[in-house]
Amino acid sequence: AMEVAGNRAPDTIKKKVSETLDIVGLKERRDSFPEQLSGGEQQRVAIARALIHSPRLLIADEPTGNLDMINAKEVIDILEQINQAGTTVVMVTHNADIVNRLNRHVVTIDGGRIVRDEQEGKYLL
């Protein structure tokens, strides 16, 4: 992603990629191809690509949708770590367990309208 943007020196890119892969727990998988990665690892690569430019806002649309419980927890832990480091994380999910565990700001949208907005929300069925 940084090479495509074309505004960084190769040494800077190498350092930033290493730091970002470390954040998502994939530093040792740096030279792997997508087909060599598990679903959870592929999702962490997607987060790393989004994170590489140090955004102030990260939007995660169903980041755990196709993951087992262990990988889902790892992805959520990474998103929490990113948030604690100062990046605002907006996550869209239908996973009640994740919403209830996080106990964070919850906005519920139904038919394109906000129907609920709570600072410490839970998933309502």
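Read on for an overview of the structure. (Residues numbered from 1 in each chain as written. Predicted model: local features only at pLDDT ≥ 70, side-chain atom pairs only at ≥ 80, totals over all residues. Heavy atoms only, no water.)

## A few points about the overall build of the chain
- Broken down by element type, the chain carries five helices and four strands.
- Walking the chain from its N terminus toward its C terminus, one meets helices and strands in the order α-α-α-β-α-β-α-β-β.
- By principal-axis analysis of the C-alpha atoms, the chain measures approximately 50 × 30 × 25 Å.
- Considering only intrachain contacts with a sequence separation of at least 6, the fraction spanning at least 24 residues in the chain is 47%. (Helix = DSSP H or I, 4+ residues; strand = E, 2+ residues; numbered from the N terminus. Contact = heavy atoms within 4.5 Å.)

## Considerations on the layout of surface pockets
- Within this model, the largest pocket holds a volume of roughly 770 Å³.
- Forming the walls of the largest pocket are 24 residues, and the residues nearest its centre are Met-91, Thr-93, Val-99, His-105 and Val-107.
- Sorting the residues of the lining of the largest pocket by element identifies helix 4 (69–84), strand 2 (88–92), helix 5 (96–102) and strand 3 (106–110) as the ones contributing at least two each.
- At five residues, the largest contribution of residues to the lining of the largest pocket is made by strand 2.
- Here the lining of the largest pocket is built from residues that sort into 14 nonpolar, six polar and four charged.
- Counted as a void, the second largest pocket has a volume near 630 Å³.
- Ranked by residue count, the leading element in the lining of the second largest pocket is helix 2 (residues 10–23), at six residues.
- Looking at the lining of the second largest pocket residue by residue, the classes come out as 15 nonpolar, three polar and six charged. (1 Å grid on protein atoms, 1.4 Å probe; cavity = no way out; pocket = protein on both sides within 12 Å on 5 of 7 lines; lining within 4 Å. Points joined across faces, edges and corners; volume = space filled by probe spheres on them. Nonpolar A, V, L, I, M, F, W, Y, C, P; charged D, E, K, R; others polar.)

## Focus: the nonpolar core
- If you look at the biggest cluster of nonpolar residues, it comprises 17 residues, and the most contacted ones within it are Val-24, Ile-47, Leu-79 and Ile-82.
- Contributing elements (two or more residues each) for this core: helix 3 (39–51), strand 1 (57–61), helix 4 and helix 5.
- Take this core: its biggest share by element is six residues, from helix 4.
- With sequence-adjacent residues up to four places away left out, Val-24 is seen in contact with Arg-44, Ile-47, Ala-48 and Ile-78. (Core = buried A, V, L, I, M, F, W, Y, C linked by side-chain atoms within 4.5 Å. Buried < 20%, exposed > 50% of the residue type's maximum accessible area, 1.4 Å probe, protein only.)

## A closer look at the pairing of strand 1
- Side-chain alternation along strand 1 places Leu-58 and Ala-60 on a buried face and Leu-57, Ile-59 and Asp-61 on a face that remains uncovered.
- Note: strand 1 against strand 2, five bridges, orientation parallel. Bridge pairing in strand 2 links Ile-59 to Val-90. (Pairing = 2+ DSSP bridges.)

## Structural notes on the pattern of salt bridges
- For the structure on display, the rule yields eight salt bridges.
- The shortest N-O distance in the salt bridge between Lys-15 and Glu-19 comes to 3.5 Å. Within this pair, Lys-15 and its partner Glu-19 are both found in helix 2, separated by four residues, close to a single helical turn.
- On the basis of relative accessible area, Glu-19 is assigned to the partly exposed category, the value being 38%.
- A single salt-bridge network, built from bridges that share partners, covers Lys-73, Asp-77, Glu-80, Arg-101 and Arg-104. (Salt bridge = Lys/Arg side-chain N within 4 Å of Asp/Glu carboxyl O.)

## Notes on helix 4
- An ideal rise of 1.5 Å per residue puts 22 Å on 16 residues; helix 4 measures up with 22 Å between its terminal C-alpha atoms.
- For helix 4, every residue scored as buried is listed here: Asn-71, Ala-72, Val-75, Ile-76, Ile-78, Leu-79 and Ile-82. End-on, the buried residues of helix 4 take up no more than an arc of 155 degrees, which puts them together on one face. Turned more than 90 degrees off the buried face of helix 4, the exposed positions are Met-69, Ile-70 and Gln-84.
- Among the structural elements, helix 2, helix 3, strand 1, strand 2 and helix 5 are those in contact with the buried residues of helix 4.
- Backbone nitrogen of Ile-70 and a side-chain oxygen of the N-cap are separated by 3.0 Å at the start of helix 4; the cap is Asp-68.
- Immediately beyond the C-terminal end of helix 4, within one or two residues, lies Gly-86, with a positive phi of roughly 115 degrees. (Expected span 1.5 Å × (residues − 1). Arc of directions from axis to C-beta. Polar contact = N/O pair within 3.5 Å; in protein donor to acceptor, adjacent residues only side chain to side chain.)

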